[in-house]
Each structure stands twice: as C-alpha cells, then as structure tokens.
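Structural features, examined
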Amino acid sequence: MDKLGWEQCDFIFVSGDAYVDHPSFAAAVLCRTLEAEGFRVGIIPQPNWKETSYTALGRPRFGFLVGAGNMDSMVSHYTAAKRLRSDDAYSPGGQSGFRPDRATLVYVEGIRRVYKDIAVIIGGIEASLRRFAHYDYWSDTVRRSILLDSKADILVYGMGEKPLLNITRRLAAGEKIGDIRDERGTCVRVHGEGVFSQWKDAILLPDYDTLKQKNETALRAYAEHFMIQKHNTDPLTAKPLAEKNDGGRWVIQNPPTLPLSSKELDKLYELPFTRKAHPMYKAAGGIPALKEVSFSLVSSRGCFGGCSFCSITHHQGRAVTGRGKESLVREARKLTAHQDFKGYIHDVGGPTANFFHPACDKQKKGGFCSNRECLYPSPCPNLKANHKPYMEALQALRKIPGIKKAFIRSGIRFDYIQLDKKYEKEFLKTLCQHHVSGQLKVAPEHISDNVLRAMGKAGTSSYEQFRKDFSAVNKQLGLKQYLLPYFICAHPGAGMKEAAELARYIKQTGFTPKQTQEFYPTPGTMSTVMYYTGLDPRTMKPIYTAKGERERRKQRDLLKG
C-alpha cells in the first residue's frame, strides 16, 4: 500500500487459502477482476483468527469480502470417515492448522468484532453450497443458512464475478449495503412477513423449523427443498426462492446470474496473473496446490454432466462456456515466457475437459432445461456432441514454439465422446497421441446399474466400450498408456452386494486402485440428500444408504482387495 501510495483499500478480501496469484484460485480471480475495474483491493490470506489479524490493512473504504477458500473448510479438515487430515494443499508447506473449522463463520465474526458496522459480503464454495438450510455431515444435523449464522450482509452464490462487480459498483456509487437486495446471483436476509411485497413471484421453500426435525415428514420436506432449488438454477427461467427461519427471518435467493460469455471468460483469464504464490511462503516450501496447476489453462466453465454426487452444477451451473481459441493461444504464449516454464502445459480443461461448448442452442443463450438432464437417463435429443472446436484449440496450442506437450488431466466424459459420431475416432486418436501423459483419468465411478442410476451416470457398457477403444488406439499408435479409473464406494444405492460386484470387476480387469474414494456427503449435492433422507429426491422412493462406519469401512476395504 505504501509503494502504491494508497491510504486505504476499497475492499479487503479475507481468504481461507494462502495467497496464490493464479487463475485457479478464487481469491486471485475475484481480486484481479476488481482491480481491473479500478478498485484498490487488499488481501488478508489465512488470518490468525485467534488474534486481531483483520486490522492488518486498516479499515477498507467500502467493505470486506470473505471466502473460506477453494474447498469447504470442513472438507479441507476432515476425511469422509470424519478423521482429521494431517495436511492442507492450500496452506504453506502443505501443513494443516492455518484455517479454522467453518472458516466463513469465524472470519465474519472476527471482522465484526473490530469493525461492527462494516459491510461484509460472503461467497465461494463454502457459502454458495450452504446458502439455504443444509444437511451438515460433520454434526449430523440440518443447519440454517450460512448467511444467517454468519450475519453477513449479502451472500454471493455461484461464480461471483458479475454479482460482485455489480455490488461493488453500487457501493462505490453511494448505495448502502442494506439497500442492495435485487442483484442476481445473491442471497439476502430480511425480517418480517412483508418480504413478498418486493419478491412477489418468489417460490416458498419448506421452512427451517420443519427441516431441522428428524422425522419422516421433515426428511421428505428436505428432499422437496432440494428439488425446488435444483429446478430453479436456470438463469433464464428461475424464480426467486424464499426460506423462512425461526424468529420471522427470511433468506431470499435472487435468480442466478447469467454465465460469462466466451469473450468475458477470455478477458478474465488474460488478466495479469503472476502464476506464483506470495514470496512469504517460500521458506515453508510454497503452496502444494499450485504445483499441479501452475501451468494449466482453464478452457471452459460449467458442466452438464449431472453427476448426483458433484456440486459443480449447483455452483458453476450447467451452461458450459468455452474460451476462444485465440485467447488460449495468447495465454499459452505468455506461459512460454515464464521463467519457470519447462515446455509442458499441465492441463487444458475445466470441470470436464471435453465439455468445451454449450450442449444445445438453449445453452448458447446462457440457460438450460430445469426438468431434465443432458446425458441422463439417456442423452437429450437436442444435445450436440462436437469435439471439433476443442481439437482445433488443442492443435493451435501444439503449434506454439516452446510448448513440448499440452496434457489433459482434468478428466473427460467418455460417454460424451461416444455420442460424437463424426469426430469420436479422430478425437480419441488426438487425445492418445498428443495429450495423455501415460495415464488418462476417467470416472466410471461404479459398475452396478442401480448405483449408477443413483449417481446419474451412464451404464457399465459405455465404459467397457471406451476401455476397448482406448486400448486399440494406443496399440495402433504403438504407445503404452493406461486408463486410471476412479471408483466410489458406499454411495447411496450401494450395499455389500454392490460393493462385492465392484470388487470382482476391479480384480477381473487387473486394476488395483492406489486410493479408494469413499462417498463424502457434502452440502449441495443430490447424493447427500439421498444419504440423509434415505429417499431419491427425483422419485421420492426409498434408496438404500450405508451410514454406519462399519459397513462403509467394509465397502472401502473390499475395493482395496
């Protein structure tokens, strides 16, 4: 601040992650976005919440922004078996203990302690997925909205660039934080029955007093609560949602913001990121999470995969936006000039690497269907599977002097490849020949049909066919490359019978997983609703769920062989 001649920051971002100036880290993306708008932004990464660290940069002119980090702080701290993790990839040297449990709540409380009347805006994955009443696996209770628990002024959900820019502009123009109630992509808290005079078309969710009970009525209401949210995530058709809490308090969710366009996405990822961790972490050994993504390119946002256990669609949305080929080339050229670049791009992808363009014409406008999935239970007739734009972008990257290899490590959907009748063979050959580093990550997740149905995934035959095709193409190319499949145990729908079926399959295929992934009930996923309620919210029919640690451990051990 002294070097820049700043007397005061406009905004201060308090983050649960160490500070890494890289486009894969949320704090960097948002702060660079605000900086490009002309705001003076300070960052307090991983404050010592046991002391008064929130005054380090003084009082900001307009307010604080708070995020727990790239991961939910409880997931960051605890395994699926609720055991304390010994490391944290987003902290100096990978050490744990640099952030508190439920970091968003702790940070806001600390800020309020020293600046009682300051504006506080929360966001990020932890806030976004806890914006309404939600099942909390770690306490085995339904907790109220994090907006109420934190007493923040506004909650930004989903990808936050657009709503955050609008809020900060309005604050800079003189509006009070309490008067900003209508921004898309935000939740606000209000008091009293008069709220519907402003949100006349709001859909009423089951209230928190009902949801927090543990009885059959409450469980069914919780499943309905989730489905109402799911059916109102399309930016083109969604209505405001209203949830009543104790004491006459309400949480109101305004409709989602429209996703960034390709041009907006290009502009965002071409901001002047240094792609380095802050120098203060050097002595501790840097930030491990940076290593895998240091020289990666984000090529898309959004995912229409529809996996029940994944929260990406609830956070990023289903409308996929791909970046322009020219923008990716410009960013890649900058990588070649970086002092630490060795010629290898770590990844060219997004939530799903080969989802590079909108799934259909409706998605081109920024929306998607609220009443059906793109790939499940069968591919939508309007789905347009086309890998040509992605292949063209990859080809352009391969031609850049100084780039030896551009890998794809963020995972692909093999069932989507198989739907592309025109470019399926060409894409698979391109993938194997140029973009695999010996192993390709894929996620069949399970092989039992009833478990795959619960997961919203394609049947086993799709993976089996891809396995054969992958092997044949590599044989043709004279390459020794392997699939690295990921499987999940103890997912809703999976009992010991299904676990044994999966274990036999793994043994027959000769694959021994190095790490077994146990289903983790995190906020914001349909699978978590199944786990808590014992109901499939799509049908309201009962579904088997392994809840006891004993059975979950047995399923996990079966996969280890």
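Here, every reference points to the structure presented above.
The sections below set out a description of the structure shown in this document. Quantities reported herein were computed from a predicted structural model and do not represent experimental measurements.

Re the sheet that holds strand S20 (residues 439–445)
An order of S20-S21-S22 is seen for the three strands of this open sheet, with the pairing classed as parallel. Only two strands of the sheet have a single neighbouring strand rather than two, namely S20 and strand S22 (517–518). Sheet topology note: the strand S21 (residues 482–489)/S22 ladder contains two bridges and is parallel. Bridge pairing in S22 places Ile-488 opposite Gln-517.

Notes on the environment of Pro-92
With respect to the secondary-structure elements, Pro-92 resides in the loop between helix H2 (73–77) and helix H3 (103–114). Judged by its relative accessible area of 7%, Pro-92 is buried. In sequence terms Pro-92 and Gly-317 are 225 residues apart; their C-alpha atoms lie 31 Å from each other. Once you skip the residues sitting within four places of it in the chain, Pro-92 turns out to touch Ala-18, Gln-46, Phe-98, Tyr-281, Ala-284, Gly-286 and Ile-287.

Structural notes on the sheet that holds strand S10 (residues 203–204)
One open sheet holds the nine strands; their spatial order is S3-S1-S4-S5-S8-S9-S12-S11-S10, and the pairing between them is mixed. Where the open sheet ends on each side, the last strands, each with one partner, are strand S3 (41–45) and S10. Examined bridge by bridge, strand S1 (residues 11–15) and S3 share five bridges and lie parallel to one another. Note on S3: the bridge partner recorded for Val-14 is Ile-44.

Topic: the side chain of Ser-327
In this fold, Ser-327 is placed in helix H12 (residues 325–336). With relative accessibility at 1%, the residue Ser-327 sits in the buried group. In terms of polar contacts, Ser-327 uses its side chain to reach the side chain of Glu-270, at 2.7 Å. The contact partners of Ser-327, leaving out residues within four places of it in the chain, are Asp-266 and Glu-270.

Here we look at helix H20 (residues 526–533)
For H20, a buried count of eight out of eight residues is recorded, marking the element as mostly surrounded by other parts of the structure. Among the residues of H20, Met-526, Ser-527, Thr-528, Val-529, Met-530, Tyr-531, Tyr-532 and Thr-533 are the ones counted as buried. Where H20 ends, the next residue or the one after it, Gly-534, has phi of about 75°, a positive value.

Topic: the pairing of strand S5 (residues 120–123)
Every second residue of S5 is oriented toward a common face, with Val-120 and Ile-122 on one face and Ile-121 and Gly-123 on the other, all of them buried. Bridging between strand S4 (residues 63–67) and S5 involves four bridges; their strand directions are parallel. Among the inter-strand pairings, Val-66 is bridged to a residue of S5, identified as Ile-122. Relative to strand S8 (residues 154–156), S5 runs parallel, the two sharing two bridges. Counterpart to Ile-121 in the pairing with S8 is Ile-154.

What counts as what
- Residues numbered from 1 in each chain as written.
- Predicted model: local features only at pLDDT ≥ 70, side-chain atom pairs only at ≥ 80, totals over all residues.
- Heavy atoms only, no water.
- Pairing = 2+ DSSP bridges.
- Helix = DSSP H or I, 4+ residues; strand = E, 2+ residues; numbered from the N terminus.
- Buried < 20%, exposed > 50% of the residue type's maximum accessible area, 1.4 Å probe, protein only.
- Contact = heavy atoms within 4.5 Å.
- Polar contact = N/O pair within 3.5 Å; in protein donor to acceptor, adjacent residues only side chain to side chain.

On their own, these measurements won't tell you what the molecule is for.
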